[in-house]
Amino acid sequence: MKLLIISSNTDRSSFRERIAVYLDTLHDNGIDYAIGVLPYGLLARRKLFKSSRKFDGVFLHKKRLSLPDAFFLRRCCKKLIYNFDDAVMYDQN
């Protein structure tokens, strides 16, 4: 199985605590993964989302996408896994 992990910032403590600690376990269980950092530009995002076609699933870490981005990613990927924080109703911007 191949998994694409998308995060807006891999240096965040939430990434280290929720994802990075499990990367060895994923690998040991036969799950190959790639980590993609969500770019700011529209074309770069579309390129990343199109690359998700090569993976069996996408794990979206703590990122609320715009409606067009969410629609495009969902059309490109086979399976989509969301990881939201408890305070998803608050805007981080």
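Report follows, based on the coordinates. Since this is a predicted model, take the numbers as computed values, not measurements. (Residues numbered from 1 in each chain as written. Predicted model: local features only at pLDDT ≥ 70, side-chain atom pairs only at ≥ 80, totals over all residues. Heavy atoms only, no water.)

## Details of the sheet that holds strand E1 (residues 2–7)
Argument step 1. Read across the open sheet, the four strands follow the order E2-E1-E3-E4; overall the sheet is parallel. The outermost strands of the open sheet, each flanked by one partner alone, are strand E2 (32–37) and strand E4 (80–83). Within the sheet, the average angular offset between the axes of one strand and its neighbour, ignoring direction, is 20 degrees.
Argument step 2. Sheet analysis places E1 next to strand E3 (residues 57–61), joined by five bridges and oriented parallel. Bridge pairing in E3 links Ser-7 to His-61. (Pairing = 2+ DSSP bridges. Helix = DSSP H or I, 4+ residues; strand = E, 2+ residues; numbered from the N terminus. Axes fitted to C-alpha atoms, helices over the stretch in contact; angles between N-to-C directions.)

## What to know about the pattern of salt bridges
Argument step 1. Within this structure, the stated rule accounts for two salt bridges.
Argument step 2. The closest approach of N and O atoms between Asp-69 and Arg-45, which form a salt bridge, is 2.7 Å. Here Asp-69 is found in helix H4 (residues 67–76), whereas its partner Arg-45 is found in helix H3 (residues 42–51), with 24 residues between them in sequence. No difference in accessibility class separates Asp-69 from Arg-45, as the two residues are buried.
Argument step 3. Asp-69 is paired through a salt bridge with Arg-46; the nearest N and O atoms lie 3.9 Å apart. Remark: Arg-46 occurs in helix H3 and Asp-69 occurs in helix H4; sequence separation between them is 23 residues.
Argument step 4. Of the residues examined, Arg-46 reaches a relative accessible area of 23% and is grouped as partly exposed.
Argument step 5. One network of salt bridges, with partners in common, ties together Arg-45, Arg-46 and Asp-69. (Salt bridge = Lys/Arg side-chain N within 4 Å of Asp/Glu carboxyl O. Buried < 20%, exposed > 50% of the residue type's maximum accessible area, 1.4 Å probe, protein only.)

## Quick word on the nonpolar core
Argument step 1. With 14 residues, the main nonpolar core has Ile-6 and Phe-49 as its most contacted residues.
Argument step 2. Secondary-structure elements contributing two or more residues to this core are E1, H3, E3 and H4.
Argument step 3. No other element matches H4, which puts three residues into this core.
Argument step 4. If sequence neighbours within four positions are ignored, Phe-49 has contacts with Ile-6, Leu-38, Leu-65, Asp-69, Phe-72, Leu-73 and Cys-76.
Argument step 5. Core analysis: the next-biggest nonpolar cluster, separate from the first, contains seven residues, Leu-3, Phe-15, Ile-19 and Ile-31 among them. (Core = buried A, V, L, I, M, F, W, Y, C linked by side-chain atoms within 4.5 Å. Contact = heavy atoms within 4.5 Å.)

Everything listed here is a matter of geometry and, on its own, says nothing about what the molecule does.
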